[in-house]
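Analysis of the macromolecular model
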Amino acid sequence: MRIARFSIDGNVAFGAVEGEGTVESGGLVLDIIKGIPYTDFELSGTKVPLSKVRLLPPVLPNKIVAIGRNYAEHAGELGNEVPEVPVAFFKPTTSVIGPGDAIEYPSFSSELHHEAELAVVIGRMCREVPRERVKDVIFGYTCANDVTARDVQKREAQWARAKGFDTSCPLGPWVETDLDPSDLTIQATVNGEQRQLGRTSDMIRSIEDLVVHITEAMTLLPGDVILTGTPAGVGPLTVGDEVAVTIEGIGTLTNRVIKRG
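Residues numbered from 1 in each chain as written. Predicted model: local features only at pLDDT ≥ 70, side-chain atom pairs only at ≥ 80, totals over all residues. Heavy atoms only, no water.

Remarks on the state of the cysteines
- Evaluated as defined, the whole model comprises zero disulfides.
- This cysteine, Cys 143, is not joined by any disulfide, and Cys 169 carries the nearest cysteine sulfur, 12 Å off. (Disulfide = S-S within 2.5 Å.)

Structural notes on the sheet that holds strand E13 (residues 148-149)
- If you walk across this open sheet you meet the three strands as E13-E10-E18, and the pairing is antiparallel. Whereas interior strands pair on both sides, the edge strands pair on one side only; in this sheet they are E13 and strand E18 (235-237).
- Pairing of strand E10 (residues 112-114) with E18, which is carried by three bridges, proceeds in the antiparallel orientation. Within E18, the position partnered with His 114 by the bridge is Gly 235. (Pairing = 2+ DSSP bridges. Helix = DSSP H or I, 4+ residues; strand = E, 2+ residues; numbered from the N terminus.)

What to know about the sheet that holds strand E15 (residues 185-190)
- Reading across the sheet, the five strands line up as E9-E20-E19-E15-E16 and stay open at both edges, with mixed pairing between neighbours. At either end of the open sheet lies a strand with only one pairing partner, and these are strand E9 (102-105) and strand E16 (193-199). Shown here is a sheet whose adjacent strand axes are inclined to one another by a mean of 20°, direction ignored.
- Both E15 and E16 contribute to a ladder of six bridges, which runs antiparallel. In the strand pairing of E16, Thr 185 is matched with Arg 199. (Axes fitted to C-alpha atoms, helices over the stretch in contact; angles between N-to-C directions.)

Brief notes about the side chain of Asp 101
- With respect to the secondary-structure elements, Asp 101 resides in the loop between strand E8 (96-97) and E9.
- A distance of 2.8 Å separates a polar side-chain atom of Asp 101 from the backbone nitrogen of Gly 98.
- Among all residues touching Asp 101, those that are not within four sequence positions of it are Arg 54, Asn 255 and Arg 256. (Polar contact = N/O pair within 3.5 Å; in protein donor to acceptor, adjacent residues only side chain to side chain. Contact = heavy atoms within 4.5 Å.)

Structural notes on the pattern of salt bridges
- Scanning the entire structure with this criterion turns up 15 salt bridges.
- Among the ionic pairs, Lys 47 bridges to Glu 18, the shortest N-O distance being 3.0 Å. Here Lys 47, found in strand E4 (residues 42-49), pairs with Glu 18, found in strand E2 (residues 11-19); they are 29 residues apart in sequence, far enough to count as distant.
- A residue is classified by how much of its surface remains accessible, and Glu 18, at 24% relative accessible area, is partly exposed.
- The shortest N-O distance in the salt bridge between Arg 199 and Asp 183 comes to 2.7 Å. Pair noted here: Arg 199 is in strand E16 and Asp 183 is in the loop between strand E14 (169-176) and E15, with a separation of 16 residues, a long-range link.
- Look at Arg 199 and you get partly exposed, because its relative accessible area is 30%.
- By relative accessible area, Asp 183 is classed as partly exposed at 37%.
- Bridged by salt links that share partners, the residues Lys 91, Glu 115, Asp 146, Arg 150 and Lys 163 form one connected network. (Salt bridge = Lys/Arg side-chain N within 4 Å of Asp/Glu carboxyl O. Buried < 20%, exposed > 50% of the residue type's maximum accessible area, 1.4 Å probe, protein only.)

Description of the pairing of E15
- A loop of two residues connects E15 with E16, the two strands running antiparallel in sequence, and Asn 191 in this loop sits at a positive phi of about 55°.
- Two elements, E15 and strand E19 (residues 242-247), share five bridges in a ladder whose sense is antiparallel. If you follow Ala 188 over to E19, its bridge partner there is Val 245.

Notes on the environment of Ser 107
- Position of Ser 107 relative to the elements: it lies in the loop between E9 and E10.
- Through-space distance from the C-alpha of Ser 107 to that of Asp 146 is 18 Å; in sequence the pair is 39 residues apart.

A look at the side chain of Asp 224
- Structurally, the position occupied by Asp 224 is in the loop between helix H5 (207-215) and strand E17 (225-227).
- From its side chain, Asp 224 meets the backbone nitrogen of Asn 62 in a polar contact 3.0 Å long.

Notes on unusual backbone geometry
- Residues Gly 172 and Pro 173 are joined by a peptide bond in cis, for which omega reads 5°.
- Mapped onto the secondary structure, Pro 173 falls in strand E14.
- Despite not being glycine, Asp 9 has its phi angle at roughly 55°, a positive value.
- Here Asp 9 shows up in the loop between strand E1 (2-8) and E2.
- Judged by its relative accessible area of 74%, Asp 9 is exposed.
- For Arg 69, which is not glycine, the phi dihedral falls at a positive 60°.
- Relative to the elements of secondary structure, Arg 69 occurs in the loop between strand E6 (64-68) and helix H1 (72-77).

Some words on H5
- Of the residues making up H5, those classed as buried are Ile 207, Leu 210, Val 211, Val 212, Ile 214 and Thr 215.
- Against E6, strand E11 (116-122), helix H2 (134-137), strand E12 (138-145) and E17 lie the buried residues of H5.

Fair warning: the whole summary comes from geometry, so function is off the table for now.
Quick look at the structure:
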């Protein structure tokens, strides 16, 4: 099931996406969900065309835990070694935007990069999750773009500013709850030109590895997001660019870059 979060007439709700096609092509409708989707829920039967609503970030996470250098070719293209343990960092909730929202080019950077990633959405509160229970705590998967001020990342030991600035975490267009994430195509295009193309099977550490590793240290809450790393091909974004992240079985997340302020 595809679960979207949206606004219509000033109201915010979740809905199940039904039909075939894309956000742009039409033919999709939302069956409004009663309540929130992390627990047992019912579909209301009230349906609205997707074209009549504004899609929002599909979740409002309490925290976003991101993993760096989880694809060997990406680590190599930036001159980095594959880390012995997962490199984890946080992106703040204020970095989250949804499909169609603008990425604001930060004033303190001159080298902004796209990073297409599979995002894991947590479905229940969990801590110290054993490997065999990882699937039980996952709500679903969505597309993410770990937008990075690469020049800032290179000169600052901590990545908080380089990867945590406002609008640096596009998520969407919805959460797919019925998906095997082990071997999916993941790609990024800029103005229609392919930049990144990889497969989730190329991850150095699997989703199970990452959930176990992260929950050894902290409690994850429903709606929290794990970014699982990016394949090779990251590259520059400029003001006016349209960047799209497409993941097999999920869909496409599109955002445009604008000048901040």
